[in-house]
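# Overview (structure and organization)
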Amino acid sequence: MKESVSIPEEDVRRKAKEDTADVSRRTLLKFAAGAAINTLLPKAAMDSRTHAEAVLSPEETIATTERLTGMPYAEFSEHFDARVRVPSPRGGPYVIHIRQMHQPAQDPERKIQGQSDVVARQRETENLIESVVRANKLDGIFSEGFVEKDAALRYRDEVRLLRGQLAGFEKRSIRTTDDAENVYAEFERAYKASLNNPIFYHYTMRDLRTLAHTLRKRCAALAPQSAAERTRLAAFDSKLGAYGVERTDLEIPEPYTAGADFKLLMDGKLKNIYSTEDRAANERAVKATRAYSQALKDFAGGRIRREEIDTYDHAYKKSLEERERILFGRVEEHARERAAAGKPAENIAILFGGRHDFTDMVREQNQTRGRAGRGLIELWPKKLPRGSSLL
């Protein structure tokens, strides 16, 4: 299942690196014209860079962005931003971190808020993913939230199956009260399946609500022969009426809320979505994140001292690092499988929340003996906000 971790607003881990300047054409042209300062890397990043790590020129940065996105830089920079965190050693492959904004699935209180913003950013992210996949001839991308291997493919097939079942309801014969009862029982099972799975919900709930109205009209056209039958039909009518109403306590059914990556998979524009998560680690991250977020609120409210936050901060950072190591472990496993099949190394696309920063992880792996070096570039829609909405 696709699962997410909501990250609190004060993300200390990224804050130290937040001053890194975004790559813009104007900045690059200033640099190329002889500007005195390097706007591509902050001093802290320059000092921590390994001796073997090169510094890209403005022209090389533009060329790298164009090569990895398949877009002319003028077109790219109109809608998106880029930042080369780690230049690729010896011209090798890149990790392409597509930064996204998504719903905080583990925080019910924020489930409705900001959905329209999420949908807008996911629409933009869809275009970016599609361009990156096409430019790099990728079969799939690594996406935040998927736990089991091939989970995305299984969900795709199950959504298609559920959609087929809903279409089949239109052809079902409803001539008697027994027919109505059988159809209603199947409809209710489909409704509950959709309600209990976020992906099913966003892809089928709108159709289910329409179908509830259709079935209600068909049941109303029956001519019951007894009071008992009229009572049964009245019960079906009441329940179908409730199922057909939009609920204010739930999100609006919208496929983009379930992720642009899965939308591309459903549309046949992406062959696979690779899993990145471990359920136990994800649960630990949820627990640590909630505790850290509460500690920050308690500190702001004067209920705890600054030094008491350190314990929660440490657990929070540890949970983030654990998730990142699991992610890059999956990346390495994928690379080994390609090598065993005689396939060359490829660029890796990762769709993860905008507040994650893989710089240290990529640099650490580049220093590990026996591992091929990779660069790291971040790409994101221009309107992607900074702050707590980036997960």
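Heads up: the structure comes first, above all this text.
Residues numbered from 1 in each chain as written. Predicted model: local features only at pLDDT ≥ 70, side-chain atom pairs only at ≥ 80, totals over all residues. Heavy atoms only, no water.

### Re the sheet that holds strand S2 (residues 94-100)
Note the cut-off: Note on pairing: DSSP must find at least two bridges between two strands before they are called paired. In this text, helices come from DSSP runs of H or I with a minimum length of four residues, and strands from runs of E with a minimum of two, each type numbered from the N-terminal end. Helix axes are fitted only over the stretch in contact, all axes being lines through C-alpha atoms; the angle between N-to-C directions runs from 0 to 180 degrees.
The 6 strands lie next to each other as S1-S6-S2-S5-S3-S4, forming an open sheet whose pairing is mixed. If you trace the sheet from one side to the other, it starts and ends with strand S1 (80-86) and strand S4 (272-274), each paired once. Here the strands of the sheet are splayed against their neighbours by 25 degrees on average, with no regard to which way each runs. The sheet contact formed by S2 and strand S6 (residues 375-381) spans 5 bridges and is parallel. Within S6, the residue paired with isoleucine 98 across the bridge is leucine 379.

### Considerations on the environment of histidine 79
Under the convention used in this document: Buried residues are those whose accessible area, probed at 1.4 Å on protein chains only, stays under 20% of the maximum for their type, while exposed residues exceed 50% and partly exposed ones sit between those limits. Every residue pair with non-hydrogen atoms within 4.5 Å of one another is taken to be in contact.
As for its placement among the helices and strands, histidine 79 is situated in helix H5 (residues 73-79). Residue histidine 79 is classed as partly exposed on the basis of its relative accessible area, which comes to 45%. Each C-alpha atom, one on histidine 79 and one on tryptophan 380, is 8.8 Å from the other, the two residues being 301 residues apart in sequence. Not counting chain neighbours up to four residues away, the residues in contact with histidine 79 comprise Pro381 and Lys382.

### A closer look at the packing of aromatic side chains
Spelled out, the test is: Each pair of aromatic rings taken from Phe, Tyr and Trp, with Trp reduced to its six-membered ring, is defined by centres within 6.5 Å and is described as stacked if the planes are under 30 degrees apart, edge-to-face if over 60, and tilted in the remaining cases. For a Lys NZ or an Arg CZ to count as sitting over a ring, it must be within 6 Å of the ring centre and within 35 degrees of the ring normal.
One pass over the full model with this rule turns up 13 aromatic pairs. Ring centres of tyrosine 203 and phenylalanine 262 lie 5.5 Å apart, and the angle between their planes is 75 degrees; on these two criteria the pair is classed as edge-to-face. Taken together, the residues span a long stretch of sequence, with tyrosine 203 in helix H9 (residues 198-220) and phenylalanine 262 in helix H11 (residues 260-266) at a distance of 59 residues. Just as tyrosine 203 is buried, phenylalanine 262 falls in that class too. A cation sits over an aromatic face here: arginine 99 above tryptophan 380, 4.6 Å from the ring centre. Sitting above the plane of the tyrosine 155 ring, arginine 154 keeps its charged end 5.5 Å from the centroid.

### Here's the deal with the packing of helix H7 (residues 151-169) against H9
Using the following cut-off: An angle below 35 degrees is treated as roughly parallel, one above 145 as roughly antiparallel, one from 65 to 115 as roughly perpendicular, and anything else as oblique. Charged means Asp, Glu, Lys or Arg here, nonpolar means Ala, Val, Leu, Ile, Met, Phe, Trp, Tyr, Cys or Pro, and polar covers whatever is left, Gly included.
The N-to-C vectors of H7 and H9 enclose an angle of 10 degrees; their axes lie 10 Å apart at closest approach. Taken as axis vectors, H7 and H9 run roughly parallel relative to one another. Contact residues: H7 offers Tyr155, Glu158, Val159, Leu162, Arg163, Leu166 and Phe169, while H9 offers Ile199, Phe200, Tyr203, Thr204, Asp207, Leu208, Leu211 and Arg218. Looking at the contact of H7 with H9, its residues break down into 10 nonpolar, 1 polar and 4 charged.

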